[in-house]
There are 2 protein chains.
Amino acid sequence: MSHTYDQPLRSVSSLDCGAAGVAVPVILIENETGLTKEVIRKWESRYGFPRPERDENGDRIYPPDQVVRLRLIRRLLGAGMRPGKVVGLELETLERLTEQMSLEPPGTTSDGFQQVLDALSGHDLPRLTHLLKGQLIRQGLSVFVRETVARLNVLIGECWLRGEINIFEEHLYTEAVCDLLHESIRTVINFSGSPRVLLTTAPGELHTIGLLMASTILSLEGAHCISLGAQMPAVEIVTAAKGCAIDVVGLSFSIARPARDAALFLRDLRARLDPAVEIWAGGVGVSRLRRMDGVRYMPDLEKVSPTITAWRKSRAGAAS
Amino acid sequence: MSHTYDQPLRSVSSLDCGAAGVAVPVILIENETGLTKEVIRKWESRYGFPRPERDENGDRIYPPDQVVRLRLIRRLLGAGMRPGKVVGLELETLERLTEQMSLEPPGTTSDGFQQVLDALSGHDLPRLTHLLKGQLIRQGLSVFVRETVARLNVLIGECWLRGEINIFEEHLYTEAVCDLLHESIRTVINFSGSPRVLLTTAPGELHTIGLLMASTILSLEGAHCISLGAQMPAVEIVTAAKGCAIDVVGLSFSIARPARDAALFLRDLRARLDPAVEIWAGGVGVSRLRRMDGVRYMPDLEKVSPTITAWRKSRAGAAS
DNA sequence: TATACCAAACCGTCCTGGACAAACAGCCCT
DNA sequence: AGGGCTGTTTGTCCAGGACGGTTTGGTATA
């Protein structure tokens, strides 16, 4: 049973241990890897990996190095590789594949982004805020969100996957960006715009930074955003859409959770929701989703503006 | 391109059903009820409830009425009832229990609070914001947070428990308050105060509104707050405390999650953390926690100011 | 060469039934 | 009232099996 984190440890070497320094019990392995415990156990029996140790009760305990490999595997699967090909590969092989897969070759990190990463590693919060704010002023809110923040998210996600930064450092970044976006949104908020967009995420999807980015862009485009935070059950979304006279339900999907759940959730929601209410699915996770009728997919925020225009046009046409 | 690894969509016949009552397959039952499929299956064998139907493959399908009952049961469990007492009770009994559960007798809600509730039920977001802002101006930030917000949280939690408001309405409230607090914090933020406080929550604890309230009060008292958001593993907190030269780790506990996890987490964290770094545990959840050496407990925000004063005094004494 | 089709392999999820330790409740004792 | 003991409750894990949708890859067809 063994709940927690209190298992001593197996400390990995000194400096870089950070995120992966402690053996992980079953109950936490889903959080650590984004894979379900069931699928991990199946891999164990099918491919011989992972090969967890056992605690005094016979429960599985995943050593840090295996957790790292699982994370890498998860990432490769998300990029289209097949479990049979990558589960059980050595760390080095996985890393090589990951690099081959990464959109930008290593070492091409631009200067500005490198400064942000340095501020993060140095835990220099004031500097981090200053860098972000400067860029915001330079680019303007819309470009800042669509390009800088979007690419920083990917970059930092990759650094985290490679274990180059700690979880808490990633959170520092997230907090700084969200703070800035909150502040900025306030200046463009719109209580009477259209369409009226309800923003939230599916149950199990915790990341709200995507919502905040969407909210920023949508507000800039003149929409009226109502954010519900994360994890809204389908029934509640239906109720909220009715109660708040919503035109569009906006959902954000990260890559953190299995795509299968996301697809099922979308089908379920679409079936229950008033057909007149559109569903717009955004976030980096949607690229893995199979397209479905009645849902608009926006893998990036560039699509928002034309989609809003189209919505207004169709709405005007329908009204006349 | 998107040859995703996780596409398998088992055909869910519930798609064709109407919006109102839809039978729920296993894979969605966790989203709909907030309970794990494993625990639901255990209840089935132990208490004879739920008693799902089966689809053509022999997989469980939960009828809508059983889903409703499961939701009610979860509410009661969250309020401290035990599974053996409530699982399998009839719908009516569950509803009666839910009503009895409220701490305050109905009808004692003060006028101002009633207005907030009305704005919520009416989904009148501008009015809600207006009410909160007015109260903030009237009382000042500190009193507003320590009294109004604190009591509103309890009140709205109870309304949710009794089913008088929907989940999404509770989220609307939370968003409005957090927005307001974010805005207010910015005016009192402090990049060079002391003590340097790291604010976060334990893994599994998702509510960050308590952090925001704490951050407000602490900043007002001249502390330097660094917020990491929710769900920080103990190891990460230790690393962060070192990296950011933290004096105090502040943790918020709600009543939503089981208290046992919280206690284990605190013990683990205390054992790993530099003894010179204090741990302050706050939030409505701490009242259930057994006291422990090396941790200061603050069931409400009134304790913050004297505790900071004491910290400064002891720190001054130690330095001299 | 390109496309359509089909069998085989792959792979995620659900199944049954059992085990166990942590958490709890009730009791006794001081 | 408070602290320690004991029996019960309850969430999570284990093992191995089954199944059906998806992908793959080879073959036949245009």
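How each quantity is defined
Residues numbered from 1 in each chain as written. Chains lettered and ligands numbered in written order. Predicted model: local features only at pLDDT ≥ 70, side-chain atom pairs only at ≥ 80, totals over all residues. Buried ≥ 20, exposed ≤ 12 C-beta atoms within 10 Å, placed from the backbone. Helix = DSSP H or I, 4+ residues; strand = E, 2+ residues; numbered from the N terminus. Arc of directions from axis to C-beta. pLDDT = per-residue confidence, 0-100. Contact = placed C-beta atoms within 7 Å. Pairing = 2+ DSSP bridges. Core = buried A, V, L, I, M, F, W, Y, C linked by C-beta atoms within 7 Å. Axes fitted to C-alpha atoms, helices over the stretch in contact; angles between N-to-C directions. Left-handed = near helix turned anticlockwise from the far one by under 90°. Nonpolar A, V, L, I, M, F, W, Y, C, P; charged D, E, K, R; others polar.

## Points about helix 6 (residues 111-121) of chain A
In an α-helix, one turn spans 3.6 residues; hence positions three or four apart end up facing the same way.
Residue and element names in this part refer to chain A.
Right, so step 1: Listing the buried residues of helix 6 in full gives Val116, Leu117, Ala119 and Leu120. Buried residues of helix 6 fall within an arc of 160° about the axis and therefore sit on the same side. For helix 6, the exposed residues lying more than 90 degrees away from the buried face are Asp111 and Gln114.
Right, so step 2: Once helix 6 finishes, His123 follows within two positions and takes phi at roughly 55°, a positive value.

## With respect to the confidence of the model for chain A
Right, so step 1: Per-residue confidence for chain A gives a mean pLDDT of 86; residues scoring 70 or more make up 88%.
Right, so step 2: Low confidence marks residues 1-20 of chain A, where pLDDT is under 50. Its contacts with residues over four positions away, or in another chain, come to 45 contacts.

## Looking at the sheet that holds strand 2 (residues 53-54) of chain A
Residue and element names in this part refer to chain A.
Right, so step 1: The three strands lie next to each other as 1-3-2, forming an open sheet whose pairing is antiparallel. Sheet topology places strand 1 (24-25) and strand 2 at the edges, where each strand pairs with a single neighbour.
Right, so step 2: Summarising the sheet, strand 1 and strand 3 (residues 60-62) pair through two bridges and their orientation is antiparallel. Bridging across to strand 3, Pro25 finds its partner in Ile61.

## Thoughts on the nonpolar core
Right, so step 1: Counting residues in hydrophobic clusters, the biggest one holds 152 residues, and the most contacted among them are A:Leu198, A:Ala241, A:Val249, B:Leu198 and B:Ile237.
Right, so step 2: With near-sequence residues (within four places) excluded, A:Val249 lies in contact with A:Leu198, A:Ile237, A:Ala241, A:Leu273, A:Val277 and A:Ile279.

## Here we look at the packing of helix 3 (residues 64-78) of chain A against helix 5 (residues 91-101) of chain A
All names here are of chain A.
Right, so step 1: As a packed pair, helix 3 and helix 5 sit with axes 10 Å apart at the nearest point and diverge in direction by 30°. Between helix 3 and helix 5 the crossing geometry is left-handed. Where helix 3 abuts helix 5, its residues Asp65, Val68, Arg69, Leu72, Ile73, Arg75 and Leu76 lie against Leu91, Leu94, Glu95, Leu97, Thr98 and Met101.
Right, so step 2: Residue classes in the contact of helix 3 with helix 5 are distributed as eight nonpolar, one polar and four charged.

## A short note on the pairing of strand 7 (residues 278-282) of chain B
Regular strands have side chains that alternate between both faces of the sheet.
Residues and elements named next belong to chain B.
Right, so step 1: In the sheet, strand 6 (residues 248-252) pairs with strand 7 via five bridges, with the strands oriented parallel. The residue bridging Ser252 from the neighbouring strand is Gly282, located in strand 7.
Right, so step 2: Relative to strand 8 (residues 295-298), strand 7 runs parallel, the two sharing four bridges. Across the sheet, the residue bridging to Ile279 is Val295, located in strand 8.

## Remarks on the environment of A:Glu169
All names here are of chain A.
Right, so step 1: Turning to its location among the elements, Glu169 is positioned in helix 9 (residues 167-188).
Right, so step 2: In this structure the C-alpha to C-alpha distance between Glu169 and Thr33, which are 136 residues apart in sequence, comes to 18 Å.
Right, so step 3: When neighbours within four sequence positions are excluded, Glu169 is seen to be in contact with Leu120 and Ser121.

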